[in-house]
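So you can see what is in the structure, the chains are spelled out below.
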Amino acid sequence: MKEGRGGGSGRRQPDELHRRLKGYEGRAAATAGVGKDVVNQAMIRHWCEAMGDSLPAYEGPDAIAPPTMLQAWTMGGLSGHTDRSEAYEELFTLLDGAGYTSVVATDCEQEYPRPLRPGNRITFDAVIESVSELKTTKLGTGYFVTTRMDVRADGEPAGTHRFRILKYRPAQGRQGTRSLRPRPVINRDNAGFWEGVAGHKLLIQRCTECATLRFPWLPGCGACGGQEWDTVEASGEGTVFSYVVMHHPPFPAFGLPDEPGPYAVGLVELAEGVRMVSNVIGVPSDKIRPGMPVRLEFLRTDPELELPVFRGSEG
């Protein structure tokens, strides 16, 4: 693949790989896929417990599934997918062969034309919707691949799920320098949280109508729908509710200077009852366990970024 400027014309040379990748747009990624399980109350309960979602609509004889569980009913699980199309496999083999072997999910969009209920049988089709031009990001250079999945429940349209990933070649930092973490996205809904972090405070939203605490920060209360809120400062005490250990691909920027990896990402249950995702540090990754006590710290990852993390204790 050639990239750059040529002939003094100021125009980028043609990207032959991108031309080949574009040929996969519109082709099936999966056809007549079937969810491994019917929509069921047990999985709904586990999801709600993990997310801290206590909406009454998700319980009882007339329960519905949380809409954002849409993808859960189509996932392949640890045994993987058996319904990927030949075109889908060819596309990713082509990218891997060209050196774009790393992958990171970037965003998703979902639409919900009807609620899902326990007992619904899920089927789906998926299509390779688009492949971007070559893009350069802080993680590296690569292509954004978007797939669209159309989900049905007992044969009726139940949702659309667009999923976008970046297949990329990791950026190589300058010799003697350490790559930086990607910057957090700060907007009007979460700016107060990051202002708190700058002052070494972990702030939790509190609905002023029903006093429900919520995290991450949201514009409205999920319990009563109230739009007004204030904040309470977390004590900093918590326990590991769940965790994963990231081994590959290696991102040294996400580890500590003397601990480049693997590194642990924990779902931490704060003493106040809400949960948040952050790094668990100070304990070997193979020693972390659910229920382990942790304590809030603020870690400066580079001169311009400081983040809340949690230090574990084997004792």
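Relevant structure appears above.
Because the structure is predicted, anything quoted here is derived from the model rather than measured.

S.K.: Before we move on, can you summarise the overall build of the chain with the specific residues and values?
M.R.: Within the chain, the regular secondary structure consists of four helices and 14 strands. Residue burial in the chain is summarised as follows: out of 315 residues, 37% are buried. In the chain, of all internal contacts separated by at least 6 residues, the share reaching a separation of at least 24 is 66%. For the chain, the exposed surface amounts to about 17,800 Å²; the carbon and sulfur share of it is 52%.

S.K.: I'd like a rundown of unusual backbone geometry, residues and numbers included.
M.R.: With omega at 5 degrees, the peptide bond leading from Phe215 into Pro216 counts as cis. Locating Pro216 in the fold gives a position in the loop between β8 (213-214) and β9 (229-233). The phi dihedral of Asp154 is positive, around 50 degrees, even though this residue is not glycine.

S.K.: Explain the sheet that holds strand β7 (residues 203-207) to me, and be specific about the residues and the numbers.
M.R.: As summarised here, the arrangement of the three strands in space is β8-β7-β9, forming an open sheet in which the pairing is antiparallel. Looking at the sheet topology across the chains shown, the edges are occupied by β8 and β9. The sheet contact formed by β7 and β8 spans two bridges and is antiparallel. Looking at the pairing, Gln205 lines up with Arg214 of β8.

S.K.: Report on the pattern of salt bridges, specifying residues and quantitative values.
M.R.: Applying the stated criterion across every chain, the model contains 14 salt bridges. One salt bridge in this structure joins Lys22 and Glu25, with 3.0 Å as the shortest N-O distance. We classify Glu25 as partly exposed; its relative accessible area is 26%. We note a salt bridge from Arg206 to Asp230, for which the minimum N-O separation is 3.0 Å. Of this pair, Arg206 sits in strand β7 while Asp230 sits in strand β9; the two residues are 24 residues apart in sequence, bridging distant segments of the chain. You can call Arg206 partly exposed: its relative accessible area is 28%. Residues joined by salt bridges that share partners form a network here, namely Glu129, Arg148, Asp150 and Arg162.

S.K.: Tell me about the nonpolar core, and name the residues and values.
M.R.: Leu21, Ile44, Trp73, Leu91, Leu116 and Tyr143 are the most contacted members of the largest nonpolar core, which has 36 residues in total. For this core, the secondary structure elements donating two or more residues are α1 (16-22), β1 (28-34), α2 (41-51), α3 (86-97), β3 (122-131), β5 (140-153) and β6 (156-170). Take this core: its biggest share by element is six residues, from α3. Setting aside anything within four residues of it in sequence, one finds Leu21 in contact with Leu91, Leu94, Leu95, Val131 and Tyr143.

S.K.: Run through the packing of aromatic side chains, naming residues and quoting values.
M.R.: In total, this model carries six aromatic pairs according to the counting rule given. Where Tyr88 meets Phe92, the ring centres are 4.6 Å apart and the plane angle is 35 degrees; that geometry is what we call tilted. With Tyr88 and Phe92 both in helix α3 and four residues apart, this pair spans about one turn of that helix. Judged by its relative accessible area of 14%, Tyr88 falls in the buried class. Ring geometry for Phe193 versus Phe215: centroids 5.5 Å apart, planes at 65 degrees, classification edge-to-face. One end of the pair, Phe193, is in helix α4 (residues 191-198); the other, Phe215, is in the loop between β8 and β9, and 22 residues separate them in sequence. An aromatic cluster of three or more residues is present, and its members are Phe193, Trp194, Phe215, Trp217 and Trp229.

S.K.: Describe the side chain of Asp15, listing the residues and the values that go with them.
M.R.: For Asp15, the position within the fold is in the segment before α1. A polar atom in the side chain of Asp15 sits 3.0 Å from the backbone nitrogen of His18. In terms of polar contacts, Asp15 uses its side chain to reach the side chain of Tyr143, at 2.7 Å.

S.K.: Just give me the short version of the environment of Gly238, but keep the residues and values in it.
M.R.: Relative to the helices and strands, Gly238 resides in strand β10 (residues 237-246). Judged by its relative accessible area of 11%, Gly238 is buried. The spatial distance from the C-alpha of Gly238 to the C-alpha of Val274 is 9.6 Å, given a sequence separation of 36 residues. Dropping the residues within four chain positions of it, Gly238 is found in contact with Val268, Glu269, Leu270, Ala271, Met292, Pro293 and Val294.

Here is what the cut-offs are and how they apply
Residues numbered from 1 in each chain as written. Predicted model: local features only at pLDDT ≥ 70, side-chain atom pairs only at ≥ 80, totals over all residues. Heavy atoms only, no water. Helix = DSSP H or I, 4+ residues; strand = E, 2+ residues; numbered from the N terminus. Buried < 20%, exposed > 50% of the residue type's maximum accessible area, 1.4 Å probe, protein only. Contact = heavy atoms within 4.5 Å. Areas by Shrake-Rupley, 256 points an atom, 1.4 Å probe, with all protein chains shown as cover. Pairing = 2+ DSSP bridges. Salt bridge = Lys/Arg side-chain N within 4 Å of Asp/Glu carboxyl O. Core = buried A, V, L, I, M, F, W, Y, C linked by side-chain atoms within 4.5 Å. Phe/Tyr/Trp six-rings, centres within 6.5 Å; stacked < 30°, edge-to-face > 60°. Polar contact = N/O pair within 3.5 Å; in protein donor to acceptor, adjacent residues only side chain to side chain.

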